[in-house]
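In case you want the letters, here they are:
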Amino acid sequence: DLSFMQEDLPILLDESQSGLGRVKKIVQDLKDFSHVDQAERHPANLNSGMESTLNVVWNELKHKVELVRELADIPDVECVPAQINQVFSNLIDNAIKYRDPARPLSITVTGDQHGQWVKYDVADTGLGIAEEFQPKVWQLFHRLDPNGSVSGEGLGLTLVQRLLDRLRGQITLKSTPGEGSCFTVELPAGPSSGATKT
């Protein structure tokens, strides 16, 4: 029945385009993942990159997300600036994806130096993650919302962890369901910081 096919054609085309978009995103994410170890590190100021990332988010989501930033004077860090930008972009994107529809979303970013370490907290008032699921967020292709109501392919936090491993840093998570999550990123301060680890 050609009339039946004509009615369904726009839906089928839309689903095909959506599926193609997801495949392209997976391929790009996997390319980023495979190139983590190839970029050269050099000293860079994380605060400037963080401000740039937050400004992009603010311009896109004005009046929908409250952004709070408390960034102390932080020494340069040996890093790949584009990769660090991706780390924080992924963390903020994750907070936006898993917002709690019952209340306004607030994202608070704090940064400071602790001995020989530069530490950033990215905290949100989102849905939160139950303790038994927290170790799984770093797994490749693991999604907190497998039924698909939140877009994504489960590569973002895996890539974040891989990038920080490459930069001799680390990331940890504290989360309470119904209250929100806090991701803590730690990176070694540059040799000019003159600090000793405490």
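Residues numbered from 1 in each chain as written. Predicted model: local features only at pLDDT ≥ 70, side-chain atom pairs only at ≥ 80, totals over all residues. Heavy atoms only, no water.

Engineer: Help me out: how do you make sense of the nonpolar core in this one?
Structural biologist: For soluble globular proteins, the rule of thumb is that nonpolar side chains tend to be buried together. Counting residues in each nonpolar core, the largest one holds 40 residues, and the members touching the most others are Leu91, Ile107, Tyr120 and Val185. Top contributing element to this core by residue count: helix H3 (residues 81–97), with seven residues. What isoleucine 107 contacts, discounting residues up to four positions off in sequence, is Val65, Glu66, Leu67, Val68, Ile92, Ala95, Ile96, Val122, Ala123 and Asp124. (Core = buried A, V, L, I, M, F, W, Y, C linked by side-chain atoms within 4.5 Å. Buried < 20%, exposed > 50% of the residue type's maximum accessible area, 1.4 Å probe, protein only. Helix = DSSP H or I, 4+ residues; strand = E, 2+ residues; numbered from the N terminus. Contact = heavy atoms within 4.5 Å.)

Engineer: Is there a simple way to think about the sheet that holds strand E7 (residues 180–188) in this case?
Structural biologist: In any sheet, the strands associate via hydrogen bonds between backbone groups, in a parallel or an antiparallel arrangement. Read from one edge to the other, the open sheet built from five strands follows the order E2-E4-E5-E7-E6, with strand pairing classed as mixed. Two strands bound the open sheet, and with one partner strand each, they are strand E2 (65–71) and strand E6 (170–176). Geometrically, the sheet is characterised by an average inter-axis angle of 15° between neighbouring strands, direction not taken into account. In terms of strand pairing, E2 meets strand E4 (residues 105–114) through seven bridges, oriented parallel. Across the sheet, residue leucine 71 finds its bridge partner in E4, namely glycine 111. (Pairing = 2+ DSSP bridges. Axes fitted to C-alpha atoms, helices over the stretch in contact; angles between N-to-C directions.)

Engineer: Help me understand H3, please; the structure alone is not making it clear to me.
Structural biologist: Side chains of residues three or four places apart in an α-helix project in the same direction, reflecting 3.6 residues per turn. Its 17 residues give H3 an end-to-end C-alpha distance of 24 Å, which sits within 8% of 24 Å, the value for a rise of 1.5 Å per residue. Among the residues of H3, those classed as buried are Gln83, Ile84, Val87, Phe88, Asn90, Leu91, Ile92, Asn94, Ala95 and Ile96. (Expected span 1.5 Å × (residues − 1).)

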